[in-house]
Structure formats: C-alpha cells, structure tokens
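Listed below, chain by chain, are the residues.
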Amino acid sequence: MSLLRHLSELAGAAFADLGLDASYGQVLPSQRPELSQFQCNGAMAAAKKSGRPPQEIAGQVAERLRSRPGVALAEVAGPGFINISVTDDALAEWANRTASDPRLGHEAAADPLTVVVDYAGPNVAKAMHVGHLRATIIGDSLARTFAFGGHKVIRDPHFGDWGFQMGLLIAAIAEEQPDLPYFQEGVTEFPDTSPVTLDDLQRIYPAAAARAQEDEEFAERARMATVRLQQGDPGYRALWRHMKNVSEQSQRADFAALGVEFDLWYGESDVHDLIEPMVERLKEAGVAEESEGAWIIRVDEEGDKREWPPLILESRTGGFLYSTTDLATIDFRVRDLGADLILYVVDRRQSDHFTQVFRAARKGGLAPEGVAMEHTWFGTMNGPDGKPFKTREGGVIRLGDVINMIVDAARKRLDEAHLAEDYPEEERERIAHQVGIAALKFGDLVNNRTSDYVFDLDRFSSFEGKTGPYLQYAAVRVKSILRKAEERAIEPGPLVPPTVPEERQLILHLLQFPEVVDRTMELRAPNHVAEYAFETAGAFNRFYDTCHILSEEDAARRAGWLALARWSLATLELSLHLLGIEVPDRM
Ligand code: ARG
C-alpha cells in the first residue's frame, strides 16, 4: 500500500460516513506544497451531486481526518479544498516500510492481464531506421513497466515478412539473376548460403517499390510472386528464408545494442496457416464480401465523421496483405496467447490501418469485447531542421548508425568531463555504450509519447540538464556515497522522522513512486517515469547538499540518512530500469 492510497482510503471513509461516495476521497500531492503536503478536491464534486454546500462537506471530512492517527493537518481552503499533511513520525514509518519493500511500495496487479506488446516492427530487407527507433524504445519501456506492474507481458516484434514487399523483392531478384536455382522449375534442393546480402536487399527493395508505382507490368509480376510465395513454391520459400535470415541477423544486433529483448520473434508469415480458415469463416459469416474480384470487410460504422475504406482481406490475385496477417495475428493472440490487451506501439501514420483492423476484428468476432486492442502511436523524431530525421544526403538513416553516433558522442562527453578516465579500456567502452544508450532513450522517453521531438545529439548526451547521462551520473554519485560509507564502516539504520525540509521533501517524493508507475501504465506514457526520475535526482541532490551524511555526528540520524540515500538510489535505479536505462557501477 502506498501513503497516497492510505490517505485516500481515510478520506474516502470520511465521505462515506457522510453518506457520500468514497471515491470522492482521492488524495493527491499538493499543488501548493507551502500550505500542505497533500490535498483532496472531492468535496466540490460531492457538493454538486448532493446539493450540500462544498465547504460544509469539506469541513466535516477534514474534522474526521484530524482524528485519525498520523494526520498532522486537515483543513479547508478556498471553495472546498481539503489540505492534508501527515506527521513526521508517520512519514518515517511509511518511509521505513517502503524503503525495505523490493517493490518500493507498488502493489503488483491483483488481477494480472496478459498484455501483448507489439513493437519495434522490423521488416525483411529494410534496415531498421529511426522510424523503428521510437517504436522500439517506447514499446520496451511499456513492456518493462507492465511486467513490473505484475502483468504477464509477451513482447513480439511482429516481423514484416509476408506481404507485397516480399513479392517485390522476389520479382526484382528474378529479373536481376534469372539463373538462380530458386527460379528453376522442378528444382527442390537449394544452397545454404544466401544469394543476397543485406546491402543488396537494401538497394533492391527501394528501387523495386518505386518501380512498382510506375510500371504496372512489374507490379503485377510482384503480386503474382507474392501469391506464389504464400502458396508455398519451394524455390520462392527457400529464397525468402535467406532474405529473412539476413535481415533478422542485423536487426537482432541492433536490438542487442539497445538492450531490447523479445519473448517471441514471430513474423507475419507465422500466422499463414491460420489465414485460410479465418478467411473462410469470415466469408461464411457474411462479414467478408466480394468486391471487384477481391474479398473485403466493410468497416464503416454509424456515426462516422469520415469515410472508411474497407479492409482488403484477399486481393484480386488471391494474395494476403498486411491487414490480413494482422487480423490472423489477433486471432492467434486471443486464442493461443490469451491476450487481454494488445498494445501496438507503431508510428501515428498507421492509425487508419489499425482502425480498420480493429473494427474488422470486432466485426468478425476475432476479438471479443473483453480484449482491448490499442494503437499506442507516437509522434515523429525530427532532425534539427524540424523535418523527419534523415541523413545529410536526405536518405533514411539506419538505426545502427544512430547508435554509433550517440555512443561516439558519449565517449567525447566522458573525456570532456574527465569521467571514467583511467579505467580499463573494456570498462570505459561499456560505460560509453551505456551512456550513449541512456542519452538516446531518455531523449526520446522524456517527451510526451504523442508529440514530435527534435533529435539533438549535443543536448541528449550532456551530463547536465534533463538527460539520461545526468541521471546515470546522479545514480553513480549515490553509489559512491554508499561505498564511502561502507569503507568507513557506517551502516544504514532505520529512517528517522525528518527534521530538515529537504529531507522531508525527499521522503515525500520517494513515497510517490507507486502512483507514478500506475499512471505510466494507465496512460501508456513513460514520460511520467522519466520526469519522476529527473525529480528524484534533484530532490536527492538538495537533500545531500543540506544533510552531510558522512560527517553527521548523531549516529541514529547518520544511519537513517544513509538508508534514505540507499532508498533514493533504489528508486532512481528502478525508474531508470523501467526506461531501459542501465546504471554503471562507477564512472
Ligand atoms: N513492420 C511494420 C512497419 O515497419 C510495423 C508492424 C507493426 N505491427 C503490426 N502488428 N502491424 O511498418
């Protein structure tokens, strides 16, 4: 239980006592800390509902609160706000309970959900670019937070390996190298090594995609190739497997560099066997209809303010598309994985696609009401010119290159700040990598998910300001304080009731961790944890500037303060962990 929850229960009971709903008792951190530590605003709403004057209700609730143990202050302010503070003894009690709890006061979900997080979204033949970066970073943070929250999380990148882009690649390669065995009738044995490298694929794919826009004959060949691949042509399948492996290898390297892991590595192709029975069912149920030789699902609904084009289930040539595999994947996730909630952490530009897919999934009975599907979209990462981040030449920039760039910047910053200076080379490199990744992730996650932001290498990698490296440094500094204490044989002890304002502020701040985690899950918004981590570092620094732990003479205070430092570190490290950021031991 958290302190805020406890206070909300006390206030809720007071409202209930007055014959009013207990939910009016929600207690929040105070907007005006100079007046009180907490506040409850429920009396105004309760007044509206009951017709009683708000100040009267607030007064009666405050009176009841004042009689409860641990409450130092409960008084009415303005039109019916209730200001609340707790005693320093009560704070110390809560602090000790929370600091010794491995979950730092957060209660694991009583009814855990099975949450599928669909993020990163790599594709065959396309190196991951910055568009996939946000999906990866945000998705990973949400997955970590839901897992910490006690839910069963299944992370799946939904590898793009089955749609029209495969047909484009096959058609283009067949034209470039028609003698390859993959294109010969009757051949069933194929080489073990790939005929194409990732560089080849990255050259071939954009050219083929552009050509299909203009060259209808080529586009038709690509559509036929897609169908032939999907129907199991052995040569096409063998070539496809090579393309898939080559792509996957490089992407796994990028994910490893980012410290991002998946529970499943499924692709669109993995639901292939589910597609035909699903399409049959949808046709039989009359959900899918024939239209100009293709099979479609109409997704417009009453009250729509715009037109919704139907979802194409099966193309005129008999091919299955991005939407088809997404529908079959929902079927799989609901039936086989038991998903209660599916979060699609994907660029905003796909919002129409997901609206169509979700509507079709409901209409076709693939996702029953109890299963929530959400497009957890995000804004664009822009370059300094305010336009989507590109290379200097205007091309898409590869994720691997972005990672190298930021790690280089981190190395320079370490030099400038004379950090990790005479450490063994291997440790220094590891720290530079950790700092670089922290810069990249925090620079992203601190923004509201739905806003665009500017990728600013200099600002992100700085050890000053609201940055990942600053937070790592703050955490490392606490670690070094704890190490020094250990060297001097100073042991942490129970936290004592705070007497110094900075100490009290820090305790109050640390006690809010559970609510921050809940808010992050509820809003799917890691920026709440990011802000909180930043404030934690600030609150700790202010405390440490005033309270000189190691030179404090009063032994009980010294031990309590040390425990407070340790709790601050645990909170900071756990917050950073939820953001996917590692803290070095020293630097
Ligand atoms: N591979 C897709 C892309 O790069 C993203 C996949 C998103 N997930 C999904 N279930 N459609 O655009």
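Residues numbered from 1 in each chain as written. Predicted model: local features only at pLDDT ≥ 70, side-chain atom pairs only at ≥ 80, totals over all residues. Heavy atoms only, no water.

Engineer: I keep staring at the overall build of the protein chain and nothing clicks. Help me out?
Structural biologist: Helix and strand content of the protein chain: 20 helices and 13 strands. Each of the three principal axes of the protein chain carries a C-alpha extent, and together these read 85 × 70 × 40 Å. Across the 587 residues in the protein chain, those meeting the buried criterion constitute 55%. Contacts spanning at least 24 positions in sequence make up 73% of the contacts within the protein chain whose residues lie at least 6 apart. When the accessible area of the protein chain is evaluated, it comes to approximately 26200 Å², of which 48% is carbon and sulfur surface. Both charge centroids of the protein chain, one from 63 positive and one from 92 negative side chains, sit 4 Å from each other. (Helix = DSSP H or I, 4+ residues; strand = E, 2+ residues; numbered from the N terminus. Buried < 20%, exposed > 50% of the residue type's maximum accessible area, 1.4 Å probe, protein only. Contact = heavy atoms within 4.5 Å. Areas by Shrake-Rupley, 256 points an atom, 1.4 Å probe, with all protein chains shown as cover. Lys, Arg positive; Asp, Glu negative; His and termini not counted. Charge placed at Lys NZ, Arg CZ, Asp CG, Glu CD.)

Engineer: I keep staring at the site of the ligand and nothing clicks. Help me out?
Structural biologist: Around the ligand, the neighbouring residues are D118, G121, P122, N123, H132, H158, Y322, D326, Y344, V346, Q350 and F354. Here a nitrogen atom of the ligand sits 2.7 Å away from a polar atom, N or O, in the side chain of N123. The separation between a nitrogen atom of the ligand and a polar side-chain atom of Y322 is 2.7 Å. In the complex, the protein chains occlude 89% of the 350 Å² of accessible area that the ligand would expose alone. (Near = heavy atom within 4 Å. Polar contact = N/O pair within 3.5 Å; in protein donor to acceptor, adjacent residues only side chain to side chain.)

Engineer: Any chance you could explain the side chain of E268 here in plain terms?
Structural biologist: For E268, the location among the structural elements is in the loop between α9 (234-258) and α10 (272-284). For the buried E268, which has no salt bridge, the nearest side chain bearing the opposite charge is K126, at an N-O separation of 8.4 Å. When sequence neighbours within four positions are dropped, the list of residues in contact with E268 reads H158, F159, G160, D161, W162, G163, Y322 and T325. (Salt bridge = Lys/Arg side-chain N within 4 Å of Asp/Glu carboxyl O.)

Engineer: So what exactly am I meant to see when it comes to the pairing of strand β3 (residues 71-77) here?
Structural biologist: The side chains of a regular strand alternate, residue by residue, between the two faces of the sheet. Across six bridges, the pairing between β3 and strand β4 (residues 81-86) is antiparallel. Residue V71 lies in a different strand from β4, and its bridge partner there is V86. Hairpin geometry of β3 and β4 is characterised by an intervening segment of three residues between the two adjacent antiparallel strands and by a positive phi of about 55° at G78. (Pairing = 2+ DSSP bridges.)

Engineer: I tried to follow the sheet that holds β4 on my own but got confused; where do I start?
Structural biologist: Strand pairing in a sheet relies on backbone hydrogen bonds, with the paired strands running either antiparallel or parallel. The strand order across the open sheet built from four strands is β1-β2-β4-β3, with neighbouring strands paired in antiparallel fashion. Lying at the two open borders of the sheet, with one neighbouring strand each, are β1 (27-29) and β3. Between one strand axis and the next, the sheet turns by 30° as a mean value, whatever way the strands run. (Axes fitted to C-alpha atoms, helices over the stretch in contact; angles between N-to-C directions.)

Engineer: Teacher, can you tell me more about the sheet that holds strand β9 (residues 311-314) here?
Structural biologist: Here three strands make up an open sheet; going across it, the order is β7-β8-β9 and the pairing antiparallel. Looking at which strands have only one partner, the edges of the open sheet turn out to be β7 (288-291) and β9. When strand polarity is set aside, the average angle formed by the axes of neighbouring strands in this sheet is 45°. Examined bridge by bridge, strand β8 (residues 294-297) and β9 share three bridges and lie antiparallel to one another. Looking across to β9, one finds that I297 is bridged to L311. On the sheet, α10 packs against β7, β8 and β9 and is oriented at approximately 120° with respect to β9.

Engineer: I tried to follow a negative patch on the surface on my own but got confused; where do I start?
Structural biologist: A surface patch of like charges, here negative, comprises D273, E276, E280 and E284. As for its position among the elements, E276 is in helix α10. (Patch = residues over 30% accessible without salt bridge, like charges linked within 9 Å, V, L, I, M, F, W, Y side chains within 5 Å.)

Engineer: Just checking my understanding: could you explain the packing of aromatic side chains for this structure?
Structural biologist: Given two aromatic rings, one states the distance between the centres and the angle between the planes to describe the pair. Counted by the stated rule, this structure contains 23 aromatic pairs. The interplanar angle of 85° and the centroid separation of 5.7 Å between the aromatic rings of F455 and F460 together place this pair among those described as edge-to-face. Neither residue differs from the other here; F455 and F460 are each classed as buried. Clustering of aromatic rings is evident, with ring pairs tying together Y119, F159, F255, F262 and W265. (Phe/Tyr/Trp six-rings, centres within 6.5 Å; stacked < 30°, edge-to-face > 60°.)

Engineer: Teacher, can you tell me more about the packing of helix α8 (residues 216-230) against α9 here?
Structural biologist: Close contact between α8 and α9 brings their axes to 8 Å; oriented N to C, the two are set at 95°. Classified by the angle between their axes, α8 and α9 sit roughly perpendicular to one another. Of α9, the residues touching α8 (which contributes A225, R228, L229 and Q230) are Y236, R237 and W240. Among the residues forming the contact of α8 with α9, the class breakdown is four nonpolar, one polar and two charged. (Parallel < 35°, antiparallel > 145°, perpendicular 65-115°, else oblique. Nonpolar A, V, L, I, M, F, W, Y, C, P; charged D, E, K, R; others polar.)

Engineer: Mind showing me how you'd approach the pattern of salt bridges here?
Structural biologist: Any two side chains of opposite charge can pair, on the condition that their charged atoms come close. On inspection of all chains with the given rule, the structure shows 44 salt bridges. Where D331 meets R335, a salt bridge forms, and the shortest distance between an N and an O atom there is 3.1 Å. Of this pair, D331 and R335 are both found in helix α11 (residues 322-335), four residues apart, which corresponds to roughly one turn of the helix. On the basis of relative accessibility, which here comes to 3%, the residue D331 falls in the buried class.

Engineer: What should I look at first to understand the pairing of strand β6 (residues 152-156) in this one?
Structural biologist: With four of five residues buried, β6 lies mostly within the body of the structure. As judged from the five bridges shared by strand β5 (residues 114-118) and β6, these two strands associate in the parallel manner. Pairing of V117 across the sheet is with R155, part of β6. Following the chain from β5 across helix α5 (residues 130-148) to the adjacent parallel β6, one finds a crossover that is right-handed. (Right-handed = clockwise from strand over helix to strand, strands pointing away.)

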